[in-house]
Amino acid sequence: MSRSKPNILVTGTPGVGKTTFCEALAGSTELEHLEVSKMVREKRLYKEWDDELDCSIFDEEMVFDALEPLLEEGGRLVDFHSSAFLDEGLLDLVVVLRADTSTLYDRLERRHYPESKVKQNVEAEIFQTCLDEAREAFEDTDLKIWELPNDTEEHMQEALERVQEFVQSYLPG
Ligand code: ADP
Ligand code: MN
Ligand code: MN
């Protein structure tokens, strides 16, 4: 199916800067930012609760069903830490943002995450969980996966330029 504007998934461990990046990109392109964790909360796209971390466990099918009609229209920036439940045919590019351990640790502390949640997310980043999830999910496809560092303002500007170029050169089909 062809869409006139591309869909881009921006993924990575909580704290790598997905939302900041997507807001900047939405401001400089015609793409619309979908902050999926917010949709999960507002539309209650979950059936289970994680008591240990005191947060919801999103339901893959419910989130997929909420995103599918929007992605079919095209021009969406999907901001989410998970990718395996998405369909390759609905996406044109996957961006995996990365941050160094100390950078991520500081950002999550500043967010007042409980120590266990900081630790869990920092470990997930060390083990590149989000990157591997995306690589495995789309390994037999032509979908491009860009792993981009996002520790500094300079990193973000570089990443923004690369993705803006992708958007500008996107041809439907
Ligand atoms: P995510 O959506 O992946 O959880 P956020 O966009 O909320 O991440 O960013 C987490 C924190 O890191 C925020 O305080 C944000 O201001 C900061 N941040 C994001 N990107 C950068 C960057 N490139 N350089 C410095 N700080 C950043
Ligand atoms: Mn976010
Ligand atoms: Mn815009």
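It should be noted that the structure appears before, not after, this text.
Because the structure is predicted, anything quoted here is derived from the model rather than measured.

S.K.: With reference to specific residues and values, describe the site of ligand 1.
M.R.: As a structural note, the neighbourhood of ligand 1 is formed by 15 residues, with Gly-15, Lys-18, Thr-19, Thr-20 and Arg-111 the closest of them. For ligand 1, an oxygen atom lies 3.0 Å from a polar atom in the backbone of Gly-17. Note that an oxygen atom of ligand 1 is positioned 2.8 Å from one of the backbone N or O atoms of Lys-18. Of all the secondary-structure elements, those providing two or more residues to the shell around ligand 1 are α1 (18-28) and α7 (153-168).

S.K.: Account for the pairing of strand β5 (residues 76-79), with residues named and values stated.
M.R.: Burial along β5 is two-sided: Arg-76 and Val-78 and Leu-77 and Asp-79, pointing in opposite directions, are all buried. Bridge count for strand β2 (residues 32-35) against β5 is four bridges, and the pairing is parallel. By the bridge assignment for β5, Glu-32 is matched with Arg-76.

S.K.: Would you mind going over the sheet that holds strand β1 (residues 8-11) in detail, with residue names and values included?
M.R.: A sheet is described by the order of its strands in space; here five strands give the open sequence β2-β5-β1-β6-β7, paired in parallel fashion. At either margin of the open sheet sits one strand with a lone partner, and together these are β2 and β7 (144-149). Averaged over all pairs of adjacent strands, the angle between their axes in this sheet comes to 20 degrees, without regard to strand direction. Pairing analysis gives four bridges linking β1 to strand β6 (residues 93-98), with the strands arranged parallel. Each bridged residue has a counterpart across the sheet, and for Ile-8 the counterpart in β6 is Leu-93. Its contacts with the sheet put helix α6 (residues 129-137) on β1, β6 and β7, and the angle it makes with β7 is roughly 170 degrees.

S.K.: With reference to specific residues and values, describe the side chain of Thr-13.
M.R.: The residue Thr-13 is located in the loop between β1 and α1 in this model. A distance of 2.6 Å separates a polar atom in the side chain of Thr-13 from a polar atom in the side chain of Glu-125. The contacts of Thr-13, once residues within four sequence positions are left out, are Lys-18, Leu-104, Asn-121, Ala-124, Glu-125 and Cys-130.

S.K.: Can you explain the pattern of salt bridges? Please cite residues and give values.
M.R.: Under the counting rule described, the total for this entry stands at nine salt bridges. In this structure, the salt-bridge partner of Arg-98 is Glu-147, at a minimum N-O distance of 2.8 Å. In this pair, Arg-98 sits in strand β6 while Glu-147 sits in strand β7, placing the two residues 49 residues apart along the sequence. Via salt bridges that share partners, Arg-98, Glu-125, Arg-135 and Glu-147 belong to a single interconnected network.

S.K.: Report on the environment of Asp-65, specifying residues and quantitative values.
M.R.: Relative to the elements of secondary structure, Asp-65 occurs in helix α3 (residues 60-73). Owing to a relative accessible area of 46%, Asp-65 belongs among the partly exposed residues under this scheme. Sequence separation of Asp-65 and Leu-45 is 20 residues, and the distance between their C-alpha atoms is 9.7 Å.

S.K.: Can you tell me about unusual backbone geometry, naming the residues and giving the values?
M.R.: We note that Arg-44 has phi near 50 degrees; this positive angle belongs to a residue other than glycine. Within the secondary structure, Arg-44 is located in the loop between α2 (36-42) and β3 (46-50). Despite not being glycine, His-112 has its phi angle at roughly 60 degrees, a positive value.

How each quantity is defined
Residues numbered from 1 in each chain as written. Chains lettered and ligands numbered in written order. Predicted model: local features only at pLDDT ≥ 70, side-chain atom pairs only at ≥ 80, totals over all residues. Heavy atoms only, no water. Near = heavy atom within 4 Å. Polar contact = N/O pair within 3.5 Å; in protein donor to acceptor, adjacent residues only side chain to side chain. Helix = DSSP H or I, 4+ residues; strand = E, 2+ residues; numbered from the N terminus. Buried < 20%, exposed > 50% of the residue type's maximum accessible area, 1.4 Å probe, protein only. Pairing = 2+ DSSP bridges. Axes fitted to C-alpha atoms, helices over the stretch in contact; angles between N-to-C directions. Contact = heavy atoms within 4.5 Å. Salt bridge = Lys/Arg side-chain N within 4 Å of Asp/Glu carboxyl O.

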